Amino acid sequence: MSLPPRPLAEPAAASDGEPTGRLAGRPTRRGLLTAGAAGAALFGLAACGSNGGGSGSEGGSGKASKGSSGTRTVDTAKGPVKVPAAPKRVVAINDFPMAAMFDLGLAPAGVFNAGEEYVPPRDLTRWKAIPKVSDGVGGAIQVEKVAALKPDLIIGIDAQANLPYDQFTALAPTVLLPFSKSKAPWRDMSDQTATVLGVPDALTKLKQRYTERAAAIKKAHAAVLARTRWDLLQGGFDEGNWWLYGHGSPIGGILADAGAVFATGSTRLAEQQSVSYELVTGKLSDADAIFYYTTNDGKPANLGPKLFAQKSFRQLAATKAGHLFGSVYFLPGGYEDAIAALGDFEKALGSL
């Protein structure tokens, strides 16, 4: 496919229509994920690459039971699956489990290629070093590439379209996480990946960091938060359309935790929807500030430059005031991304 990667949390909706689903069919949410090398020491984990190991205890939203010969049975979106007790070569065929592994300080044996420009800067070096299992950027996952990595565990999500699940299960135990049931996939997919790998409590410190950071921002910037109304958006993927994100979207929930109050556009929308350029003024006119999605070089992502070039967008009060704030973490994949999104939001508040 030639289009830039679409976020997994993006719904399939008609222009200016209510979202009809939680997915647009892409096997990636956009860019990638998190945690530094210190994560391995922090959690006492070895890398899950060619020389490392991890373990699992619980899958999806269900519980795990011990099996024979070092295996466990975990509940997944496809039903019970027997997985290794200590997987050593984990292939992450979606960004969310990859994000969780990065947060845990683990290195997948292989990952999906969503595009280098969507990878958070802190993860770029290690991401480049990991074999890619897709057909180019944003392409179909290649069974042959997965097989060549000799995985002992494959992790993806249930919303991935046209996934050759049976072929994957012939290679290794395959866990599809229940993305389709989640309203905060960056949180839920991280927690569920950790349980599949047998370290369900390993993200506790990151969870605490997130909670404390959100509360600190809410307290320190109370005055600015009270007088500022936010709209959330990204540039879109189809000519003449952009995406508006609502208060109930993943990024909306993160900013709300930090005390954000939304303008009419994002307040009236629960999750997200595609909107035509003709409706820029109607959707964004009362926003004091706009928070938007960027690539890792700070430029508006996808067709953002075309949206920003529209006369109606240039005439918005938020644009004229210079209150446009971008973040590569707008579509978070895990706890580190969510914390970084809070950081970018706080920088924006500090300039208002």
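Heads up: the structure comes first, above all this text.
Presented here is an overview of the structure given in this document. All values derive from a computational prediction rather than experimental measurement. (Residues numbered from 1 in each chain as written. Predicted model: local features only at pLDDT ≥ 70, side-chain atom pairs only at ≥ 80, totals over all residues. Heavy atoms only, no water.)

Broken down by element type, the protein carries 15 helices and 13 strands. A burial count over the protein gives 57% of its 352 residues as buried. Expressed as a percentage of contacts within the protein between residues at least 6 apart in sequence, the contacts between residues at least 24 apart total 67%. (Helix = DSSP H or I, 4+ residues; strand = E, 2+ residues; numbered from the N terminus. Buried < 20%, exposed > 50% of the residue type's maximum accessible area, 1.4 Å probe, protein only. Contact = heavy atoms within 4.5 Å.)

Let's shift gears to the side chain of Thr294. Checked against the element boundaries, Thr294 lands in the loop between β12 (289-293) and α12 (304-309). Within the structure, the side chain of Thr294 is placed 3.1 Å from the backbone nitrogen of Val328, a separation counted as a polar contact. Not counting residues up to four positions away in its chain, the partners in contact with Thr294 are Lys299, Pro300, Ala301, Gly326, Ser327 and Val328. (Polar contact = N/O pair within 3.5 Å; in protein donor to acceptor, adjacent residues only side chain to side chain.)

What follows is about the side chain of Asn241. Summarising the element assignment, Asn241 is placed in strand β9 (residues 241-245). Taking relative accessible area as the criterion, Asn241 reaches 16% and is therefore assigned buried. Polar side-chain contacts of Asn241 include one of 3.4 Å to the backbone oxygen of Glu239. Among the polar contacts made by the side chain of Asn241, one reaches the main-chain amide nitrogen of Ser276 at a distance of 3.5 Å.

Moving on, we come to the packing of helix α7 (residues 204-220) against helix α9 (residues 250-257). It is at 8 Å that the axes of α7 and α9 come closest, and there the two elements cross at 60 degrees. Overall, the two elements α7 and α9 adopt an arrangement that is oblique. Two secondary-structure elements touch here, α7 through Tyr210, Ala214 and Lys218 and α9 through Gly253, Ile254 and Asp257. A class-by-class count of the residues in the contact of α7 with α9 yields 3 nonpolar, 1 polar and 2 charged. (Axes fitted to C-alpha atoms, helices over the stretch in contact; angles between N-to-C directions. Parallel < 35°, antiparallel > 145°, perpendicular 65-115°, else oblique. Nonpolar A, V, L, I, M, F, W, Y, C, P; charged D, E, K, R; others polar.)

Quick look at the pairing of strand β7 (residues 174-177) now. Neither face of β7 is exposed, since Thr174 and Leu176 on one face and Val175 and Leu177 on the opposite face are all buried. Pairing geometry for strand β6 (residues 153-157) and β7, over 4 bridges, is parallel. Paired with Gly156 across the bridge in β7 is Leu176. Taken together, β6, helix α5 (residues 165-171) and β7 form a β-α-β motif whose crossover is right-handed. (Pairing = 2+ DSSP bridges. Right-handed = clockwise from strand over helix to strand, strands pointing away.)

Think of a sheet as strands paired side by side through backbone hydrogen bonds, with each pair either parallel or antiparallel. The parallel open sheet is built from 4 strands, whose spatial order is β5-β4-β6-β7. Here the strands that pair on one side only, and so sit at the sheet edges, are β5 (110-111) and β7. The strands that helix α6 (residues 185-196) touches are β6 and β7; relative to β7, the one it contacts most, it runs at about 155 degrees.

Now for the pattern of salt bridges. If you walk through the whole model with that rule in mind, you get 9 salt bridges. In this structure, Asp123 and Arg126 form a salt bridge, with 2.7 Å as the shortest nitrogen-oxygen distance. According to the relative accessible area criterion, Arg126 is partly exposed, its value standing at 23%. With its nearest N and O atoms 2.8 Å apart, the salt bridge here joins Glu239 to Lys306. (Salt bridge = Lys/Arg side-chain N within 4 Å of Asp/Glu carboxyl O.)

Moving on to the nonpolar core. Formed by 75 residues in total, the largest nonpolar core has its most connected members in Leu197, Trp230, Leu255, Phe291 and Phe345. Looking at which element gives the most residues to this core, the answer is helix α15 (residues 335-351), with 9 residues. Within the second largest apolar cluster, 17 residues are counted, among which are Trp242, Leu269, Val280 and Ala287. (Core = buried A, V, L, I, M, F, W, Y, C linked by side-chain atoms within 4.5 Å.)

A ring pair, where both rings are aromatic, is described by two values, the distance of the centres and the angle of the planes. Scanning all chains against the criterion turns up 13 aromatic pairs. With 5.0 Å between their ring centres and 85 degrees between their planes, Tyr245 and Phe330 make a pair best called edge-to-face. Placement of the pair is Tyr245 in strand β9 and Phe330 in the loop between β13 (324-327) and α15, with a sequence separation of 85 residues. Both residues of the pair, Tyr245 and Phe330, count as buried. With centroids separated by 6.2 Å and ring planes inclined at 25 degrees, the aromatic side chains of Phe291 and Phe330 adopt a geometry described as stacked. Placement of Phe291 in strand β12 and of Phe330 in the loop between β13 and α15 is noted, with a sequence separation of 39 residues between them. Pair check on accessibility: Phe291 and Phe330 agree, each one buried. Each member of the aromatic cluster is reached from another via a ring pair, and the members are Tyr118, Trp230, Tyr245, Phe291, Tyr293, Phe325, Phe330 and Phe345. Lying across the ring of Phe102, Arg126 places its NZ or CZ 4.3 Å from the centre. (Phe/Tyr/Trp six-rings, centres within 6.5 Å; stacked < 30°, edge-to-face > 60°. Lys NZ or Arg CZ within 6 Å of the ring centre and 35° of its normal.)

Here we come to α6. Look at α6: 16 Å from first C-alpha to last across 12 residues, which is about the 16 Å you get at 1.5 Å a residue. Residues Pro185, Trp186, Met189, Ser190, Gln192, Thr193, Ala194, Thr195 and Val196 constitute the buried set of α6. Positioned one or two residues after α6, Gly198 has a phi angle of 85 degrees, which is positive. (Expected span 1.5 Å × (residues − 1).)

This next bit is on unusual backbone geometry. The phi torsion at Lys150 lies on the positive side, around 50 degrees, for a residue other than glycine. Looking at where Lys150 falls in the secondary structure, it is placed in the loop between α4 (143-148) and β6. For Lys150, a relative accessible area of 66% translates into the label exposed. Positive phi outside glycine occurs at Asn162, with the angle close to 55 degrees. Tracing the chain through its elements places Asn162 in the loop between β6 and α5. Residue class for Asn162 comes out exposed when judged on its relative accessible area of 80%.

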